[in-house]
Amino acid sequence: MNSGKKEKILFVDDEENILEVIREYFEFKGYIVVTARNGREAVKILENEKIDCCFTDINMPEMDGIQLSEYILKTDNTIPVVIMTGKPTIDYTIKTIKYGAVDFLVKPFNLNDMELCIERVLNQRELLIENILLKKEVEGKKRLEELTKQLQNKVDDLRILNKIISEFAEIGSTKDVFKRLVDMATEISLADMSIFYVINESVGKPFETAACPKSSGAEIDQTSFERLLMNISADSIPFLVSENMGVEGLSGDMLSFMCVPLVIREKAFGVLTAYVTCGEVRFSEKDLYYLSFMTQNAAQAIENLALYENIYENLFATLYGFVSVLDARDSYTQLHSNRVTDISTTIGTELGCTSEELDILNVAGRLHDIGKIGVRDEILLKPGKLTNEEFEKIKEHPLIGANIIKNLGFWDREINIIKCHHERFDGNGYPDGIKGKDIPMLSRILSVADVYDALASDRPYRTRMDEKSILKYLQEGAGTQFDPEIVEVFLKLYNQGKIIK
Ligand SMILES: [Fe+2]
């Protein structure tokens, strides 16, 4: 007797004598033998015992071999089923295979063949079980990898969101917000370029304030692109074109594009854009989410800075930053603004202005031409004489400038000074045509300083005027273009060498 084997084999046959022979033989061979006289009995055994292999006759009362085979396949497909049959027709063969039988024994069989068959199917079973376990392990590993990946993504998400929050929390000045926005947008979304545009109804078109990498300073000249940005800003809904297949407003070299609005105090302030011009990177909803999160944090940072920190300096820095950008287009503006401010405060001091008035002059002087950001380059930088239509456009800049500042809700007193800096003493100026002392005094001062510096500088359409002619021009304009008292004070200061060009 071979006592090494302990597999439990179930034999099912309605012929008692066959079962007896089989039991005797296989018990002798060391197997544990269980027998049943039909399918029903076999099922009962299978419900209660762990069986390693089942041999079954086909034709039996109550429940036949095929039904039993089907039952085993459903409940435990690791148990091999061998069919013992006297008439193995093709029909039967197909049916039994379909129901999970792994082998056949044709009756009458000798016990030796049966033993070989048992060894074979048990071996196969072992392999099958190993396979199943292996598969489970692989599946488990896969699932674990998936979970790890999901977790990693969540951690990445949180890391990026935290980074955005902390970056904006650290910013100490409003003017840095825009630069930080474009830097982060490029870094996080892997964009080739990110640009922030201020969109303000007064400016009339998107105005670039920050870019990463540093922009060439080229103006967007596609009106359809401008319109797209303005619509996105007006709707305040983030916009994603993952794969640009010819979206209206986008140029062909923008392969993937995102644009999210920046809303401050429920008002659209501008848009953050990012795009890809080469390579494989394409933006996803997730990138759009990150950009939106950035603009929300930026808006929060701007509001916080405005509320709790030095409102005046921060916003002034932002606006003055716009003047610097304007200076990049028209190199005259910023230096001109600084000189006009110096000359105006010199005149103001001589006229006995209070320190509060001098402060107003200081802000208004530096920002008086900010409205020029709303004037197109082809007009602003045009060499030669402007057409009437073009001049009308230029004439809008005092009002545009006043509106930009008005929208921010600060510097009420400065707004009017900026608005009136092109009014003339005789009422022929713009935008309102007011005259004489109706024009605020500080605007009348600004007007003299502005014209003096403009004539003393080279402009795209003419070279600078000589000093003598400028003084003559100012004298002749006293009482018509300028307030004569202010011209008088100016000339006095000029002769004293206090007006420094
Ligand atoms: Fe001006």
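Cut-offs applied
- Residues numbered from 1 in each chain as written.
- Predicted model: local features only at pLDDT ≥ 70, side-chain atom pairs only at ≥ 80, totals over all residues.
- Heavy atoms only, no water.
- Pairing = 2+ DSSP bridges.
- Helix = DSSP H or I, 4+ residues; strand = E, 2+ residues; numbered from the N terminus.
- Axes fitted to C-alpha atoms, helices over the stretch in contact; angles between N-to-C directions.
- Contact = heavy atoms within 4.5 Å.
- Donors = N, O, S within 2.8 Å, 3.2 Å for Na, K, Ca; no water.
- Tetrahedral: all angles 85-135°; square planar, octahedral: opposite > 155°, others 65-115°.
- Buried < 20%, exposed > 50% of the residue type's maximum accessible area, 1.4 Å probe, protein only.
- Phe/Tyr/Trp six-rings, centres within 6.5 Å; stacked < 30°, edge-to-face > 60°.

Caption draft 1: Main features of the sheet that holds strand β4 (residues 81-85). Within the open sheet, the five strands sit side by side as β2-β1-β3-β4-β5. Their pairing is parallel. Pairing within the sheet leaves two strands with one partner each, and these edge strands are β2 (32-36) and β5 (101-106). On average, adjacent strands in this sheet sit at an angle of 20° to one another, irrespective of strand direction. Pairing analysis gives four bridges linking strand β1 (residues 8-12) to strand β3 (residues 53-57), with the strands arranged parallel. Across the sheet, residue I9 finds its bridge partner in β3, namely C53. Contacts from helix α1 (residues 16-28) reach β1 and β2, with the element oriented near 170° to β2.

Caption draft 2: Looking closely at the coordination of the iron ion. The protein atoms that coordinate the iron ion are D369 (OD), H397 (NE2), H421 (NE2) and H422 (NE2), at distances spanning 2.2 to 2.4 Å. Here the iron ion is ringed by four donor atoms whose angles at the metal span 81 to 167°, and the overall shape comes out irregular. Between the donor residues of the iron ion, the gaps in sequence give the motif D-x27-H-x23-H-H. Taken together, the residues span a long stretch of sequence, with H397 in helix α14 (residues 397-408) and H421 in the loop between α15 (412-419) and α16 (441-455) at a distance of 24 residues. As far as the burial class goes, H397 and H421 line up, both buried.

Caption draft 3: Structural detail: the pairing of β3. In terms of burial, β3 is a largely internal element, five of the five residues being buried. Burial along β3 is two-sided: C53, F55 and D57 facing one way and C54 and T56 facing the other are all buried. Sheet topology note: the β3/β4 ladder contains four bridges and is parallel. Each bridged residue has a counterpart across the sheet, and for T56 the counterpart in β4 is I83.

Caption draft 4: Layout of unusual backbone geometry. Each neighbour pair has its own omega, and for C212 with P213 the value is -5°, a cis peptide bond. Relative to the helices and strands, P213 is located in the loop between β7 (207-212) and α7 (223-235). A cis amide bond links Y430 to the next residue, P431, at an omega of 10°. Note that P431 resides in the loop between α15 and α16. In this structure, S236 is a non-glycine residue whose phi angle is positive, near 55°. Residue placement: S236 occurs in the loop between α7 and β8 (239-241).

Caption draft 5: Just the packing of aromatic side chains, in detail. Per the counting criterion, the structure on display carries 15 aromatic pairs. Ring centres 6.4 Å apart and planes at 75° place the aromatic pair Y197 and F225 in the edge-to-face group. With Y197 in strand β6 (residues 193-198) and F225 in helix α7, the pair connects residues that are 28 residues apart, well separated along the chain. The same class applies to Y197 and to F225, which are both buried. Between F225 and F257, the aromatic rings sit 5.9 Å apart at their centres with planes inclined by 70°, giving edge-to-face as the arrangement. A residue pair is termed long-range when its members are at least 10 positions apart, and F225 in helix α7 and F257 in strand β9 (residues 256-264) qualify at 32 residues.

Caption draft 6: Fine view of the sheet that holds β7. Within the open sheet, the five strands sit side by side as β7-β6-β10-β9-β8. Their pairing is antiparallel. A single partner strand is all that each edge strand has here, and the edge strands are β7 and β8. Looking at each pair of strands side by side, their axes are set apart by 15° on average, direction ignored. Of the pairings in the sheet, the one linking β6 to β7 comprises five bridges and is antiparallel in character. In the strand pairing of β7, V198 is matched with F207. Lying on the sheet, α7 is in contact with β6, β8, β9 and β10 (267-276); it crosses β9 at an angle near 45°.

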